[in-house]
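One-letter residues, chain by chain:
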Amino acid sequence: MEALRRLAALHDEASETARLANLLGRSSQLALALVLMSGIALLSSDAWNGRNLSWTVFMIAAAGTVALAYRRAMVEPFDREALKSFSRDLEVILVLAGFCWGAGAFLCLPAAAGAAAAALFGAGAIAVVALVLRELRPVLRFLAPAAAMASFACILRPLAAGSGGAVLILSGAAAVAAALALGTRWSARALTPADLAELRRA
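These notes cover the structure that comes with them.

Reading the values: rules and limits
- The numbering scheme is per chain: residues are counted from 1 as the chain's sequence reads.
- Totals for whole chains, interfaces and linings use all residues, but because this is a predicted model, local features are given only for residues with pLDDT of at least 70 and pairs of side-chain atoms are given and counted only at 80 or more.
- Only heavy atoms go into the side-chain values, all of them from the structure, while hydrogens and water stay out.
- Think of it this way: any DSSP run of H or I at least four residues long counts as a helix, any run of E at least two long counts as a strand, and we number them from the N terminus.
- In this description, contact between two residues means that some pair of their heavy atoms is separated by no more than 4.5 Å.
- Whether a residue is buried, partly exposed or exposed follows from its accessible area with a 1.4 Å probe, protein chains only, as a fraction of its type maximum: under 20%, in between, or over 50%, in that order.
- Any carboxyl oxygen of Asp or Glu within 4 Å of a side-chain nitrogen of Lys or Arg constitutes a salt bridge here.
- To get an axis, fit a line to the C-alpha atoms, keeping to the stretch in contact for a helix; angles then go from 0 to 180 degrees between the N-to-C directions.
- Angles are sorted into four bins: roughly parallel if under 35 degrees, roughly antiparallel if over 145, roughly perpendicular if 65 to 115, and oblique for all others.
- Charged residues are taken to be Asp, Glu, Lys and Arg, nonpolar residues to be Ala, Val, Leu, Ile, Met, Phe, Trp, Tyr, Cys and Pro, and polar residues to be all remaining types, Gly included.

Comments concerning the environment of Pro110
Logical step 1: Relative to the assigned elements, Pro110 resides in the loop between helix H3 (80-107) and helix H4 (115-133).
Logical step 2: Spatially, the C-alpha atoms of Pro110 and Leu42 are 9.9 Å apart, while their sequence positions differ by 68 residues.
Logical step 3: In this structure Pro110 touches Ser44, Ser45, Asp46, Arg157 and Leu159, once residues within four positions along its chain are discounted.

Below is the structure:
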């Protein structure tokens, strides 16, 4: 029975290593997505000014930090401890990237932006990050500050979107998180053999 428990533990380690390696691979796509989303947002801005420039610097720094973490981790792309360290670093980077993106609602979006534009900027960006990473925990690190700051901008800046825009952003972010959580749970059940699950409880 001990050998079977060890087999189950090895299965868990291999699964975690594969998951983290996939996350590492997707992080390069995340850096590109942040740059592209920033460019699209800048094109929708009504004028080029110091605020836009500041936000551009923030987003380039966020994307560059993701790319740097990816490059460092690629030195040992299948080492479990290196991958776990990368995952922790990425979560911190995503919190900062979320704040940087959310700041764009203050610095980049035109004051006349309506509820649809605000929702696209806030919840739409979160959906893109979720589609790229496909991992609940790191996505939540980006989601929380991005949704909070974008919704605050609707009311405090204020944007033309007003409270309706804030509600749309928060609702969209919640829907993305719920869909990703359900998808992650379903995938885990599909990929975990029932006999190994029983061995873990033994």
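Some points on unusual backbone geometry
Logical step 1: Here the bond from Arg157 into Pro158 is cis, since omega is -10 degrees, no more than 30 degrees from zero.
Logical step 2: Position of Pro158 relative to the elements: it lies in the loop between helix H5 (136-156) and helix H6 (162-191).
Logical step 3: For Arg134, which is not glycine, the phi torsion reads 60 degrees and is therefore positive.
Logical step 4: Position of Arg134 among the secondary structure elements: in the loop between H4 and H5.
Logical step 5: For Arg134, a relative accessible area of 48% gives the class partly exposed.

A word on the pattern of salt bridges
Logical step 1: A complete count under the given rule lists four salt bridges for this structure.
Logical step 2: With a closest N to O distance of 3.3 Å, Arg19 and Glu135 form a salt bridge. Placement of the pair is Arg19 in helix H1 (residues 2-44) and Glu135 in the loop between H4 and H5, with a sequence separation of 116 residues.
Logical step 3: A salt bridge links Glu91 to Arg137, with the shortest nitrogen-to-oxygen separation between them at 3.0 Å. One end of the pair, Glu91, is in helix H3; the other, Arg137, is in helix H5, and 46 residues separate them in sequence.
Logical step 4: What makes Glu91 buried here is its relative accessible area of 12%.
Logical step 5: Members of the salt-bridge network, linked through shared partners, are Glu91, Arg137 and Arg141.

Observations regarding the packing of H4 against H5
Helices that pack against each other are described as a pair by the angle of their axes relative to one another and the distance between those axes.
Logical step 1: Here H4 crosses H5 at 175 degrees, and the two axes come no closer than 9 Å. Taken together, H4 and H5 sit at an angle that is classed as roughly antiparallel. Together, Ala118, Gly122, Ala125, Ile126, Val129, Ala130 and Leu133 of H4 and Pro138, Val139, Phe142, Leu143, Ala146, Ala147, Ala150 and Cys154 of H5 make up the contact between the two elements.
Logical step 2: Across the contact of H4 with H5, the residue classes tally to 14 nonpolar, one polar and no charged.

Keep in mind that these numbers describe shape and distance, not what the molecule does.
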